[in-house]
Amino acid sequence: MCHVIVTCRSMLWTLLSIVAAFGELIAFMSTDWLVGFPRTPDAVFGPHGATAAGEAYRPTLGIYGRCIKLPHLKRGILCGPYAIHFGEIASGFWQATSIFLAAGILLLCAVAFISVFTMCFQSIMKKSIFNVCGLLQGIAGLFLILGLMLYPAGWGSDKVQLYCGTDAAPYRAGLCSMGWAFYTAMGGTVLTFVCAVFSAQAEIATSSDKVQEEIEEGKSLICLL
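Cut-offs applied
- Residues numbered from 1 in each chain as written.
- Predicted model: local features only at pLDDT ≥ 70, side-chain atom pairs only at ≥ 80, totals over all residues.
- Heavy atoms only, no water.
- UniProt positions renumbered as here; feature names shortened; annotations may be inferred.
- Helix = DSSP H or I, 4+ residues; strand = E, 2+ residues; numbered from the N terminus.
- Buried < 20%, exposed > 50% of the residue type's maximum accessible area, 1.4 Å probe, protein only.
- Contact = heavy atoms within 4.5 Å.
- Areas by Shrake-Rupley, 256 points an atom, 1.4 Å probe, with all protein chains shown as cover.
- Phe/Tyr/Trp six-rings, centres within 6.5 Å; stacked < 30°, edge-to-face > 60°.
- Expected span 1.5 Å × (residues − 1).
- Pairing = 2+ DSSP bridges.
- Bend = angle between axes of the 7 residues up to and from the residue.
- Axes fitted to C-alpha atoms, helices over the stretch in contact; angles between N-to-C directions.
- Parallel < 35°, antiparallel > 145°, perpendicular 65-115°, else oblique.
- Left-handed = near helix turned anticlockwise from the far one by under 90°.
- Nonpolar A, V, L, I, M, F, W, Y, C, P; charged D, E, K, R; others polar.

You'll find the protein chain entered in an unreviewed UniProt entry as LHFPL tetraspan subfamily member 2a, with Cyclopterus lumpus given as the organism. As stated in UniProt under Subcellular location (unreviewed entry), the record for the protein chain gives "Membrane". What UniProt states about the protein chain under its Sequence similarities (unreviewed entry) heading is, verbatim, "Belongs to the LHFP family."

### Points about the overall build of the protein chain
Counting its regular elements, the protein chain contains six helices and 11 strands. Counting over 225 residues, the protein chain shows a buried share of 44%. Taking the intrachain contacts of the protein chain between residues at least 6 apart in sequence as the baseline, contacts between residues at least 24 apart amount to 66%. Only carbon and sulfur atoms are counted for the fraction: they give 69% of the accessible area of the protein chain, which is about 11,800 Å².

### A look at unusual backbone geometry
With a phi angle near 65°, Tyr-171 is a residue other than glycine that sits in the positive phi range. Along the chain, Tyr-171 falls in the loop between helix H4 (158-164) and strand E10 (177-178). Take Tyr-171: its relative accessible area is 53%, and that puts it in the exposed class.

### A look at the packing of aromatic side chains
A complete count under the given rule lists 10 aromatic pairs for this structure. Measuring from centroid to centroid gives 5.4 Å for Trp-13 and Phe-130, while their planes differ by 70°, and the two rings are edge-to-face. Here Trp-13, found in helix H1 (residues 8-29), pairs with Phe-130, found in helix H3 (residues 129-150); they are 117 residues apart in sequence, far enough to count as distant. In terms of burial, Trp-13 and Phe-130 fall into one category: buried. Taken together, the ring pairs in this structure connect Trp-33, Trp-94, Tyr-151, Trp-155, Phe-182 and Tyr-183 into an aromatic cluster.

### Some remarks on H1
With 22 residues, H1 should cover 32 Å at 1.5 Å per step; its first-to-last C-alpha distance of 32 Å lies within 8% of that length. Of the residues making up H1, those classed as buried are Ser-10, Trp-13, Thr-14, Ser-17, Ala-20, Ala-21, Gly-23, Glu-24, Ala-27 and Phe-28.

### Looking at the sheet that holds strand E5 (residues 60-61)
On the basis of which strands lie adjacent, the open sheet formed by five strands has the order E7-E6-E5-E2-E10 and antiparallel pairing. In the strand order of this sheet, the two ends are held by strand E7 (78-81) and E10, each with one partner. Bridge count between strand E2 (residues 34-35) and E10: two bridges; the pairing is antiparallel. The residue of E10 that forms the bridge with Leu-34 is Met-178.

### As for the UniProt feature "transmembrane region" (unreviewed entry) in the protein chain
Residues given the UniProt feature "transmembrane region" (unreviewed entry) here are residues 12-31, 93-117, 129-151 and 180-200. As a span, residues 93-117 carries 92% helix and 0% strand, and end to end its C-alpha atoms are 37 Å apart. With 100% helix and 0% strand, the stretch residues 180-200 has end C-alpha atoms that lie 31 Å from each other.

### Observations concerning helix H5 (residues 180-206)
Here H5 is 27 residues long and its end C-alpha atoms lie 36 Å apart, about the 39 Å a rise of 1.5 Å per residue gives. Bending of H5 peaks at approximately 30° at the position of Phe-198.

### Observations concerning the packing of helix H2 (residues 92-115) against H3
In the contact formed by H2 and H3, the axes pass within 8 Å of each other and the chain directions differ by 160°. With respect to their mutual orientation, H2 and H3 come out roughly antiparallel. Here H2 and H3 pass one another in a crossing that is left-handed. The segment H2 lies against H3, with Phe-93, Ala-96, Thr-97, Phe-100, Leu-101, Ala-103, Gly-104, Ile-105, Leu-107, Leu-108, Val-111 and Ile-114 engaging Ile-129, Cys-133, Leu-136, Gln-137, Ile-139, Ala-140, Phe-143, Leu-144, Leu-146, Gly-147 and Leu-150.

### Notes on the packing of H1 against H3
It is the contact of H1 with H3, at a shortest axis distance of 13 Å, that shows an interaxial angle of 25°. Regarding the angle of H1 to H3, the classification is roughly parallel. Note that H1 runs across H3; the crossing there is left-handed. Together, Ser-10, Trp-13, Ser-17 and Glu-24 of H1 and Phe-130, Cys-133, Gln-137 and Leu-144 of H3 make up the contact between the two elements. Per-class residue counts for the contact of H1 with H3 are four nonpolar, three polar and one charged.

What follows is the structure in C-alpha cells.
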C-alpha cells in the first residue's frame, strides 16, 4: 500500500531542491556573468575603455554566450552563443567550468525530479531516498564549487579582454563587473549544501513515531506539521 506522507520539512526540502536546480540552470545559460565597460557599437577600444560618440551600452559575456549591439542592428542588443562548438569556449578554464557546472546541474535536476515523488516513496533499494538525494546534492555542490573556482582563472583570455580591457587577467576582471548570473550561481551553490544538510531533517520528519502511528491506524494520506 502506498502511503502519501507530507510534512513541512519534507516539502520545504523539495521546494529548496527545485529552486537550487533551476537557479543553477538559469545562471549557467545566462550571458550575464561579466558586464563589460560602457561602449557604443562603433567604439574605439582602448586599455581604459571605449571612446566614441553616441549612446553607450554595456555588453555582457557568459561562459558560452554574449550580448552585444551591432552598428547595423537598430532593434536592440543581440544575444546568443559565441561558441558553436565546445572547443570554441573562451579558455580551457571555462571549458572545465562548463563541465563541472553541467555535471552539478545534472545531479541537481535529477534530485529535483526525484524529490517530487518522495511523498509516495521514502526509500530506494532499502535506503532512505532523502539520504541518497542529500548525498547527490553534496556531490553536486562540490562540482559547482570547482566550476566557480576555475571560472575567474579564464579572465585572462582574449575574449574576456575584448569585453574587460587589456588589464583583465586571471582572477582580475579589469574594467568588467560581475553580473547577476555569477551571484546566482554562488547562491545556488550555497543553497545546494543547505539542501544536502536539510535532507536529514526531511528523512527524520517522514519516519517519525507519529508518522508510524498513523500508518498503523491504516491512513494512506498523512499530513503533519
